[in-house]
Amino acid sequence: MESPSFTPQIETGIQHMSESVFVGLCRTVGTSQQVTMRRDMLDIKHMVRNKVTTNNRNTVMWSGSYREGFRMKGSDVDGMFWFNERVIWDSSQTQFYNVHRQPLILSVSSESPPGFTLLQLLTPRARRRVISALVTMNGRHYISSSKYREITCSVIMPNSTVHGPCGSGAIGGLLEYDTAFCFACDFWPPSASSWIDRCHTWPQPQVVRDIVRSGCHFVAIGHKLGNHESNEWRISFSLAEQKLVYSMNHCQFLTYGLLKLFLKEVINIGLGDNEKLLCSYHMKTAVFWMIQQNKIPNWCPQNLLKCFWYCFKLILKWVYEGVCPNFFIPENNMFLSNIHGEAQNRLFVRLFGFYEKGLASLLHSPSLRFYLVNVLCNPRLRICTDEHTLISEIEFDREMFSEIYRNSAFPSDLYFNMKNLNTVEQLTVSPLTQYQVAMLQVLTASFLHKVVFKLQNMYCSTTENKLMYIADRMSSHMLKLTAKFGCISDRLYIAMYYYKTLRYTEALSVIEMTKVNLAQPYVMYNRTVDTERYTEAVGGQSWSTKLRHAVAWNIELNNSIIYINELMTEQDVSLQNHCSVLSIPPLVVLHMMEFLCYRHINTMRAQTALNDLQVLVHHDQGVYVGVNFRDISWQILGICQQISGNLQAALYSYQQSLRQIPFHEIQSATLMRICELRHI
């Protein structure tokens, strides 16, 4: 299956098509700057989260295509969680641990296929979930992967279903996730030692050293053809793979993205779930092998389609032979359990059909068809592959701020957030990218908000005036700091705090200032913005400046913290339904707070604020009240109307809340309020 030699004219055409597909992939997958930004955001979140991990908390590693930098529809988020148990390869490694404080597990792989092992618990003490998953074989205690998987699959995300070694599901019906509780090992697997010797040209020596130092993990799934399938564990190289993907140049990363698109939009189209034998992991493995074997001398935009074709042919060869060698342990044939016999023959026939069509088979991809046809219809078309021209400043800003706020959710525990603040302080003296600085700004504001309201919740009922005074002084200072770090709408947390501490005039002063700021024509809310005004106002300025002066975002109320008493019922119900936050549009919060404050001072102005809230909720076309936030927005309008005494209007608003997408899972709270109205 060697590549045919082409005439110069055909070579030029393929180069032009490659350049056009490169542009299309930069817009679909992302430019190198976008991918770097996405990774930096998740890296800093990962760093902050795990720096404050204590022995009774799990460590987390986000992996999967989302962590790698993809944001295509269907990009999954994989979370691996582990505690302080450590796996060792032989008993001599016990010297590196305090066996009285740290449970140790021995890998016993003599009876398992390559890449799989049994895990024997060596120490008598272990977590309850580990003890519950033990089985006895030949007088020794082993951890059953099937039992452990069943016990832990819904720990992180309730109602998850078992899928492979993970608990799987979808957040909001959109973002797919896989979460797996695993075990960590600080040492590189002896069975993967040959991989180190193969790394002559790629990856670089420092990357190899970093990968080897990071060890590996064990996930709860056995080999289907193994002797102990229900008890075996698979050796996972997720962290190593993430480091390898990070070390790719952008053309290599886009080749991987192109293979993922081709798999999803061409190879797997029309197939049932049981017939989709190839997965994106096979695509990634093919790219790894092609880069390391150095068969493609120049990974660049002009060669993108050739790079894709080489990788596709390698996959075709693997399917023909029925052997897909794991990148780290080649003896582990990843096709062994499902790609063989008649299924293998059908898959080969399907792939060979695409091979016979050549690059024309890419025309079946909806994401790429336009870019290929564009060149075929305009063969003299000049294509610019300079990435800086492919995405505007404002497009980049939209995505960057979305990434920041998407990844800024953290637990509400006071101790945890105090440690987070300390971690942020430590990180600020480390070399950080410009994206990470902006991310830390938002995280700092978020941690301060949680600490302030946690303190207020703790001391609101105390009779110790001195304690109340100290807590209030600390809180006021922290809230003033948030104005220096957060976006425009973050100031509404200050208004909520003043309202909760009965300082209505001070709250209204903050609300008025915030109202003026939010009304500026250049403000970006979520991804909505007047491009021209935004560019005029803050174009070319630092992201820190843009964040403070030109960005607004939803107000996130952590459901385990009481922010204002009027929303306690909604927060309690949402929390019971496993929703950690109420996410409320800033203008809804602004008008609500304005109404709540003015009803203690000026009833006419309170009614004006309520009218403004009613107009917003009734007539907004998704600009300021997104479809996912309409349930809580109608609910808040109903609460304010009920407080004002307009019970008929409140009933209508609650009924409207029930008709919206139940994004915040507050229906029980709505029904309770309706029942309350009917008994008035």
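In the block above lies the structure referred to throughout.
Residues numbered from 1 in each chain as written. Predicted model: local features only at pLDDT ≥ 70, side-chain atom pairs only at ≥ 80, totals over all residues. Heavy atoms only, no water.

Core analysis: the biggest nonpolar cluster contains 97 residues, and Leu278, Phe328 and Leu351 have the highest contact counts within it. Examining the composition of this core, we find that 12 residues originate from one element, helix α11 (residues 304-321), more than from any other. The residues contacting phenylalanine 328, other than those within four sequence positions of it, are Trp188, Ser191, Ala192, Trp195, Phe237, Ala240, Glu241 and Leu244. Core analysis: the second largest hydrophobic core is formed by 61 residues, Leu448, Leu508, Ile561 and Leu616 among them. (Core = buried A, V, L, I, M, F, W, Y, C linked by side-chain atoms within 4.5 Å. Buried < 20%, exposed > 50% of the residue type's maximum accessible area, 1.4 Å probe, protein only. Helix = DSSP H or I, 4+ residues; strand = E, 2+ residues; numbered from the N terminus. Contact = heavy atoms within 4.5 Å.)

Here the focus is the pattern of salt bridges. For the structure on display, the rule yields 19 salt bridges. Taking the shortest distance from any N to any O, the salt bridge between glutamate 342 and arginine 346 comes out at 4.0 Å. Pair noted here: glutamate 342 and arginine 346 are both in helix α12 (residues 341-357), with a separation of four residues, about one helical turn. The two residues glutamate 342 and arginine 346 agree in class, both being exposed. Two residues, arginine 406 and glutamate 403, come together in a salt bridge whose shortest N-O distance is 2.6 Å. (Salt bridge = Lys/Arg side-chain N within 4 Å of Asp/Glu carboxyl O.)

The next point concerns the packing of aromatic side chains. The tally for this structure, following the rule as stated, stands at 45 aromatic pairs. Between the aromatic rings of tryptophan 195 and phenylalanine 327, the centroid separation amounts to 6.5 Å while the plane-to-plane angle is 70°, which identifies the pairing as edge-to-face. Of the two residues, tryptophan 195 is situated in helix α6 (residues 193-198) and phenylalanine 327 in the loop between α11 and α12; the sequence distance between them amounts to 132 residues. For tryptophan 195, a relative accessible area of 0% translates into the label buried. Using a relative accessible area of 2% as the deciding quantity, one classes phenylalanine 327 as buried. Members of the aromatic cluster, joined through ring pairs, are Phe262, Phe308, Trp309, Phe312, Tyr320, Phe348, Phe352, Phe354 and Tyr355. The positively charged end of arginine 39 is found above the aromatic ring belonging to phenylalanine 253, 4.9 Å away from the centroid. (Phe/Tyr/Trp six-rings, centres within 6.5 Å; stacked < 30°, edge-to-face > 60°. Lys NZ or Arg CZ within 6 Å of the ring centre and 35° of its normal.)

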